[in-house]
Amino acid sequence: MTLETRLRLNYLLSQYKTKYEKYYSKTDFEYVMKNFVTKFDSRESIGTLLLQAYEDCGLSEELSVNLYGSFINHIKTDCDINGDLLEVGCGVIPSLAKSLKKQQSIGTITVMDPVVKIPQYGNLRIIHGTFTAQTDVSKYKLIYGAFPCRATSTMIQSSYENDVDLYLALCGCVEGMPYLDYYEYLFDLEDTMKSLSNKTGRNFDIFEYSDLPYPLIKTYR
Ligand SMILES: C[S@@+](CC[C@H](N)C(=O)[O-])C[C@H]1O[C@@H](n2cnc3c(N)ncnc32)[C@H](O)[C@@H]1O
């Protein structure tokens, strides 16, 4: 990394700290501070707390692997984003949704996460809370998520129960889940969706893109 890049990153990080530190837990913000500069030129996968910060700072396109850019390109091609959307598991700073919002010509984006505490950001509707089977999704045209982790199964169930389209990029984590490995988890998700599709007539796809690390799931009519 050049000295110029390092100085630019440190400057952006100090501005980011001033604006957003108050919305993070101490541990999460320490992680961002410690890794923001050193992981910037990493060729390996970068934690989502850093992805949120890089996106907010306008740095995603300079990353070796721009997961947010890839996700936005794919959701735009695979779904109609012009309507009222719900992003589940947006993280602390919902910068993915803020960037997607700029690509919408009509509609709204609501974001939801128990860790999102920022009151206003990028013309989004922000819900500090956990997505559950009881969350009212009737007003949304699409529920989506990038690496929504433990919310994944609930998002799938909700999509079928409420007949709302779903688009999500899976994360690679099965921690705390009763599976031997990641493939058993994928088979289980597929079995669940096959059975729900048989009951409801809703379609589903599980598919991969070479620029995203794990499969994506889509349900649709
Ligand atoms: C791996 S992080 C991804 C964050 C963000 N989508 C990103 O790509 O930067 C997973 C997020 O899902 C959130 N999450 C997990 N279960 C959830 C639920 N039931 N409802 C809402 N958010 C949830 C976590 O709090 C966490 O912020």
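All of these numbers come straight from a predicted model, not from anything done at the bench.

Cut-offs and rules
- Residues numbered from 1 in each chain as written.
- Predicted model: local features only at pLDDT ≥ 70, side-chain atom pairs only at ≥ 80, totals over all residues.
- Helix = DSSP H or I, 4+ residues; strand = E, 2+ residues; numbered from the N terminus.
- Contact = placed C-beta atoms within 7 Å.
- Core = buried A, V, L, I, M, F, W, Y, C linked by C-beta atoms within 7 Å.
- Buried ≥ 20, exposed ≤ 12 C-beta atoms within 10 Å, placed from the backbone.
- Near = placed C-beta within 6 Å.
- Nonpolar A, V, L, I, M, F, W, Y, C, P; charged D, E, K, R; others polar.
- Domains from an automatic or database assignment.

Novice: Describe in detail the environment of leucine 67, supporting the description with residues and values.
Specialist: Along the chain, leucine 67 turns up in helix H4 (residues 67-78). Linking leucine 67 and serine 45, residues 22 residues apart in sequence, is a C-alpha distance of 8.9 Å. Non-local contacts of leucine 67, meaning those with residues more than four positions away in its chain, are made with Leu51 and Leu212.

Novice: Hey, could you go over the nonpolar core for me, with residue numbers and the actual values?
Specialist: Counting residues in each nonpolar core, the largest one holds 49 residues, and the members touching the most others are Phe71, Val111, Ile143, Met155, Leu166 and Leu168. Elements with a contribution of two residues or more to this core: helix H3 (48-56), H4, strand E1 (84-88), helix H5 (95-101), strand E2 (108-113), strand E4 (142-146), helix H6 (152-162) and strand E5 (165-169). With five residues, the single largest contributor to this core is H4. Contact partners of phenylalanine 71, with chain neighbours within four places excluded, come to Leu96, Ala146, Ala169 and Leu212.

Novice: Provide a residue-level description of the site of the ligand, including the pertinent values.
Specialist: Residues in contact with the ligand amount to 22 residues; listed here are only the nearest, Thr48, Gly89, Gly91, Phe131 and Ala151. In terms of residue count, H3 provides more of the shell around the ligand than any other element does, three residues in total. In terms of residue class, the shell around the ligand is built from 14 nonpolar, six polar and two charged. Three or more residues apiece are contributed to the shell around the ligand by two domains, here domain 1 (3-62) and domain 2 (67-220).

Novice: Describe the domain arrangement of the protein chain, and please don't skip the residues or the numbers.
Specialist: Assigned domains within the protein chain: domain 1 (3-62) and domain 2 (67-220). Relative to domain 2, the C-alpha centre of domain 1 lies at a distance of 24 Å. On the domain 2 side, the residues contacting the 14 residues of domain 1 number 13 residues. Element by element, the count of residues in the side of domain 1 that touches domain 2 is highest for H3, at seven residues. Looking at the side of domain 1 that touches domain 2, its residues break down into six nonpolar, four polar and four charged.

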